[in-house]
Amino acid sequence: GEVAIFGLDPQTPGNVERSDAIEAALRQNAPEIHVVEKMVGSFSIGSSELVAERVIRERPKLKAIIALTPREGYSAAAAVHALHAEDRVRVIACDQTLAVLMLLRQGALDAILIQNMRGMGTAAVDNIIAEHHHRPVTSPAYFKPTLVTRENIDDERVQQLLLMHSSQP
C-alpha cells in the first residue's frame, strides 16, 4: 500500500527523527508499504486540509496518512471526511491532545501514537536530582510509544498514559 506523511517540520525538535523512525519501522516490518508523499506542515488547518484533499484525490492507492502533529491529524481527518474516503484512507496522528482524542472516539481518526510523557518527565527529574546530589545520572532512557485505538483507549494502562494531571506514577 501507499502512505503519506504529513507535518514535517525541521524546526521542531524530534520531528524529522520521528518521520525517519516511522519510515525505518515500515521498511523493517512492512516492506510492501511505501511512503509516497512527505508534506511539510502548515500553520493553518485549512491549508493543510486542502493539501491532504489534493493528495487523497491524486493518489487513489493511498491507504493511510500519518500525521506527525495533532494539527496535521485534524486536517487529514477533515480531508478524508470531506472526500468521503473513510473506507479507503486511514489516519494516524501523533501526540495526544483533547481534539485528536475526541476525533479518535468519534471514529474520524483511526489511531494516535502517543508518548509516555510522565515517564520521560520522571526520568528527567530523577536525573536533575541525581546531578544536584553529585550522583551519576542515568544514560539516555528510551520510552516506547503506544498506539491508541478506539479498542484500547479505555484500557487502564492507556488511560494512565493519557491522564497527565494524575498524581499517580
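The structure contained in this document is the topic of the report that follows. Note that the coordinates shown come from a computational prediction; the quantities given were computed from them, not determined experimentally.

### Some remarks on a nonpolar patch on the surface
Part 1 of the reasoning: A grouping of Met117, Met120 and Phe143 is seen on the molecular surface, where their side chains present a nonpolar patch of about 230 Å² in accessible area.
Part 2 of the reasoning: Structurally, Met117 can be placed in helix α5 (residues 117–132).

### Side note on the layout of surface pockets
Which parts of space are left empty comes out when a probe the size of a water molecule is rolled across the atoms.
Part 1 of the reasoning: By volume, the largest pocket is sized at about 380 Å³.
Part 2 of the reasoning: For the largest pocket, the lining is made up of 18 residues, of which Gly14, Arg18, Asp95, Gln115 and Met120 are closest to its centre.
Part 3 of the reasoning: Counting only elements with at least two residues in the lining of the largest pocket, the list comes to α1 (15–29) and β5 (111–114).
Part 4 of the reasoning: In terms of residues, the lining of the largest pocket owes the most to one element, α1, which gives three residues.
Part 5 of the reasoning: A breakdown of the residues in the lining of the largest pocket according to their chemical character gives eleven nonpolar, five polar and two charged.

### Some details on the pattern of salt bridges
A side chain of one charge can pair with a side chain of the opposite charge when the charged atoms of the two come close.
Part 1 of the reasoning: Tallied over the entire structure, the rule returns seven salt bridges.
Part 2 of the reasoning: Notably, a salt bridge pairs Lys38 with Glu23, separated by 2.6 Å at the nearest N-O pair. Note that Lys38 is positioned in strand β2 (residues 34–40) and Glu23 in helix α1, a separation of 15 residues in sequence.
Part 3 of the reasoning: Given a relative accessible area of 39%, Lys38 falls into the partly exposed group.
Part 4 of the reasoning: In this structure, Asp110 and Arg90 form a salt bridge, with 4.0 Å as the shortest nitrogen-oxygen distance.

### Overview of the packing of helix α2 (residues 45–58) against helix α3 (residues 70–82)
Part 1 of the reasoning: Interhelical geometry of α2 versus α3 gives an angle of 50° and a closest axis separation of 8 Å. On the basis of the axis angle, α2 is oblique to α3. As α2 packs across α3, the resulting crossing turns out to be right-handed. Listed contacts from α3 to Ile45, Ser48, Glu49, Ala52, Glu53 and Ile56 of α2 are Arg71, Glu72, Tyr74, Ser75, Ala76, Ala78, Ala79, Val80 and Ala82.
Part 2 of the reasoning: Class assignment for the residues of the contact of α2 with α3 results in nine nonpolar, two polar and four charged.

### Topic: α5
Part 1 of the reasoning: Its 16 residues place the ends of α5 22 Å apart at the C-alpha level, agreeing with the 22 Å of an ideal helix rising 1.5 Å per residue.
Part 2 of the reasoning: Along its buried surface, α5 packs onto α6 (156–162).
Part 3 of the reasoning: Downstream of α5 by a residue or two, His134 has a phi angle that is positive, lying close to 60°.

### Some points on the pairing of β5
Part 1 of the reasoning: Across three bridges, the pairing between strand β4 (residues 90–94) and β5 is parallel. By the bridge assignment, Cys94 is partnered in β5 with Leu113.
Part 2 of the reasoning: Crossover β4 to β5 through helix α4 (residues 98–106) is right-handed.
Part 3 of the reasoning: Pairing of β5 with strand β6 (residues 146–148), which is carried by three bridges, proceeds in the antiparallel orientation. Looking across to β6, one finds that Ile112 is bridged to Val148.

### A short note on α2
The α-helix advances 3.6 residues per turn, and as a result positions three or four apart in sequence lie on the same side.
Part 1 of the reasoning: When the terminal C-alpha atoms of α2 are compared, their 20 Å separation across 14 residues agrees well with the 20 Å that a helix rising 1.5 Å per residue should span.
Part 2 of the reasoning: What α2 keeps buried is the set Ser48, Ala52, Glu53, Val55 and Ile56. Buried residues of α2, viewed axially, fall in a sector of 165°; they line one side. Seen from the open side of α2, the exposed residues pointing more than 90 degrees away from its buried face are Leu50, Arg57 and Glu58.
Part 3 of the reasoning: Buried residues along α2 sit in contact with β1 (2–8), β2, β3 (62–67) and α3.

Basis of the calculations
Residues numbered from 1 in each chain as written. Predicted model: local features only at pLDDT ≥ 70, side-chain atom pairs only at ≥ 80, totals over all residues. Heavy atoms only, no water. Patch = residues over 30% accessible without salt bridge, like charges linked within 9 Å, V, L, I, M, F, W, Y side chains within 5 Å. Areas by Shrake-Rupley, 256 points an atom, 1.4 Å probe, with all protein chains shown as cover. Salt bridge = Lys/Arg side-chain N within 4 Å of Asp/Glu carboxyl O. Helix = DSSP H or I, 4+ residues; strand = E, 2+ residues; numbered from the N terminus. 1 Å grid on protein atoms, 1.4 Å probe; cavity = no way out; pocket = protein on both sides within 12 Å on 5 of 7 lines; lining within 4 Å. Points joined across faces, edges and corners; volume = space filled by probe spheres on them. Nonpolar A, V, L, I, M, F, W, Y, C, P; charged D, E, K, R; others polar. Buried < 20%, exposed > 50% of the residue type's maximum accessible area, 1.4 Å probe, protein only. Axes fitted to C-alpha atoms, helices over the stretch in contact; angles between N-to-C directions. Parallel < 35°, antiparallel > 145°, perpendicular 65-115°, else oblique. Left-handed = near helix turned anticlockwise from the far one by under 90°. Contact = heavy atoms within 4.5 Å. Expected span 1.5 Å × (residues − 1). Pairing = 2+ DSSP bridges. Right-handed = clockwise from strand over helix to strand, strands pointing away. Arc of directions from axis to C-beta.

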